[in-house]
Amino acid sequence: MTTIHASFPSQRLRRMRKSAALRNLVRENTLTTDDLIWPVFLRDGENVVEPVASMPGVNRLSVDKVVEAAQEAYDLGIPVICLFPYTNASLKTEDCAEAWNPDNLSNRATRAIKAAVPGIAVMTDVALDPYNINGHDGFVEDGEIVNDRTVEALVKMALSQADAGCDIIGPSDMMDGRIGAIRAALEDAGHQNVTLMSYSAKYASAFYGPFRDAVGASGALKGDKKTYQMDPANSDEALRLVARDLNEGADMVMVKPGMPYLDICRRVKDEFGVPTFAYQVSGEYAMIQAAAQNGWIDGEKAMIESLMAFKRAGCDGILTYFAPEVAKLLNGQ
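Residues numbered from 1 in each chain as written. Predicted model: local features only at pLDDT ≥ 70, side-chain atom pairs only at ≥ 80, totals over all residues. Heavy atoms only, no water.

A few points about the packing of helix H2 (residues 63–76) against helix H3 (residues 105–116)
Where H2 contacts H3, the two axes come as close as 9 Å, and the packing angle between them is 45°. In this view, H2 runs oblique relative to H3, as classed from their interaxial angle. The interaxial crossing formed by H2 with H3 has right-handed handedness. Here Val 63, Val 66, Val 67, Ala 70 and Gln 71 of H2 come into contact with H3, specifically with Leu 105, Arg 108, Ala 109, Ala 112, Ile 113 and Ala 116. Here the residues of the contact of H2 with H3 sort into nine nonpolar, one polar and one charged. (Axes fitted to C-alpha atoms, helices over the stretch in contact; angles between N-to-C directions. Helix = DSSP H or I, 4+ residues; strand = E, 2+ residues; numbered from the N terminus. Parallel < 35°, antiparallel > 145°, perpendicular 65-115°, else oblique. Left-handed = near helix turned anticlockwise from the far one by under 90°. Contact = heavy atoms within 4.5 Å. Nonpolar A, V, L, I, M, F, W, Y, C, P; charged D, E, K, R; others polar.)

Notes on the pattern of salt bridges
Considering all chains together, one arrives at 20 salt bridges under this definition. The salt bridge involving Asp 137 is made with Lys 202; its shortest N-O contact spans 3.8 Å. Taken as a pair, Asp 137 in the loop between strand E5 (121–126) and strand E6 (140–141) and Lys 202 in strand E9 (residues 195–202) lie far apart in primary sequence, 65 residues in all. On the basis of relative accessible area, Lys 202 is assigned to the buried category, the value being 6%. The closest approach of N and O atoms between Arg 244 and Asp 245, which form a salt bridge, is 3.0 Å. (Salt bridge = Lys/Arg side-chain N within 4 Å of Asp/Glu carboxyl O. Buried < 20%, exposed > 50% of the residue type's maximum accessible area, 1.4 Å probe, protein only.)

Observations regarding the state of the cysteines
What we call a disulfide is simply a covalent bond connecting the sulfur atoms of a pair of cysteines. For the coordinates displayed, the defined rule picks out zero disulfides. Cys 96 forms no disulfide, and the closest cysteine sulfur to it belongs to Cys 166, at a distance of 19 Å. Left unpaired, Cys 315 is separated from the closest cysteine sulfur, that of Cys 265, by 3.7 Å. (Disulfide = S-S within 2.5 Å.)

Some details on empty space enclosed by the protein
For the coordinates displayed, the defined rule picks out one cavity of 30 Å³ or more. One number sums up the size of the largest cavity: a volume of about 90 Å³. Residue composition of the lining of the largest cavity, grouped by class: two nonpolar, two polar and seven charged. (1 Å grid on protein atoms, 1.4 Å probe; cavity = no way out; pocket = protein on both sides within 12 Å on 5 of 7 lines; lining within 4 Å. Points joined across faces, edges and corners; volume = space filled by probe spheres on them.)

What about helix H8 (residues 262–272)?
Of the positions making up H8, those classed as buried are Leu 262, Ile 264, Cys 265, Val 268 and Lys 269. The buried residues of H8 occupy one face: seen down the axis, they fall within an arc of 160°. Opposite its buried face, H8 presents the exposed residues Asp 270 and Glu 271, each directed more than 90 degrees away. In this fold, the buried residues of H8 make contact with E9, helix H7 (236–248), strand E10 (252–256), strand E11 (276–280) and helix H10 (299–312). (Arc of directions from axis to C-beta.)

Have a look at this one:
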């Protein structure tokens, strides 16, 4: 980029900021409803709207209520809804078999949404932690989270979700080789049009706590996830992981968490030029909400500013619990 060195007063940069009309004219990035993916939490039952205490404004929804949420999202112009199940403790086992049960909570919700709101895309999560009695994303053997046996289970899980009709599968487990294995299995099963958004650069972060409350994994988790999620100190490693997942068949990639890793978003987009997403995770959301509720910040403005940061960093879209609220603002509601 050529740098212009016009001197003052020939160059007055404030000229382009003097009015809303001029600011809008030269704005470099724009946030629209098309940039939003809405993560929602599921639970068993009927007519259930159950607040998540650590995530103000977020609820666990029964299948009938998540269908209503999907309709709301579609009407607001939100293109994708992403499902995360709160699994009953009685269904959590060492073998995690509920993860690929055709009639598990996630698959039932997918079918119900696609039947009622066919125009919205459904994204699902591939990882064993909602179904694992140990709370980990993979199988635990002698204290170790094992890779290859876990990948076999993730393939079965992904196939059950594709059979249920999901549009996007999001492997969030961070096991080695899972993208290639899932892509090959989807092709063999005739699901060649199912999209993979890989959680390629997922860090072992302190910002996931409220999410684990929401899916019921906090109490079950034994130890930490540092042997498979990324070290927060690393940046080059993220590029190697993204390159690997793209080579194995990922269509889109994700950085998680979001705001603490905007540098990673920028590096990924600049290096690969592929559809790049970030997850504004539960801890990020909860901090903004808590500060707003205490009157310490303007919650609405902070919400928009935080989401614009992702666009500025090169993201094509954001998974955010703010999705319906920001969509209403963008739509002038």
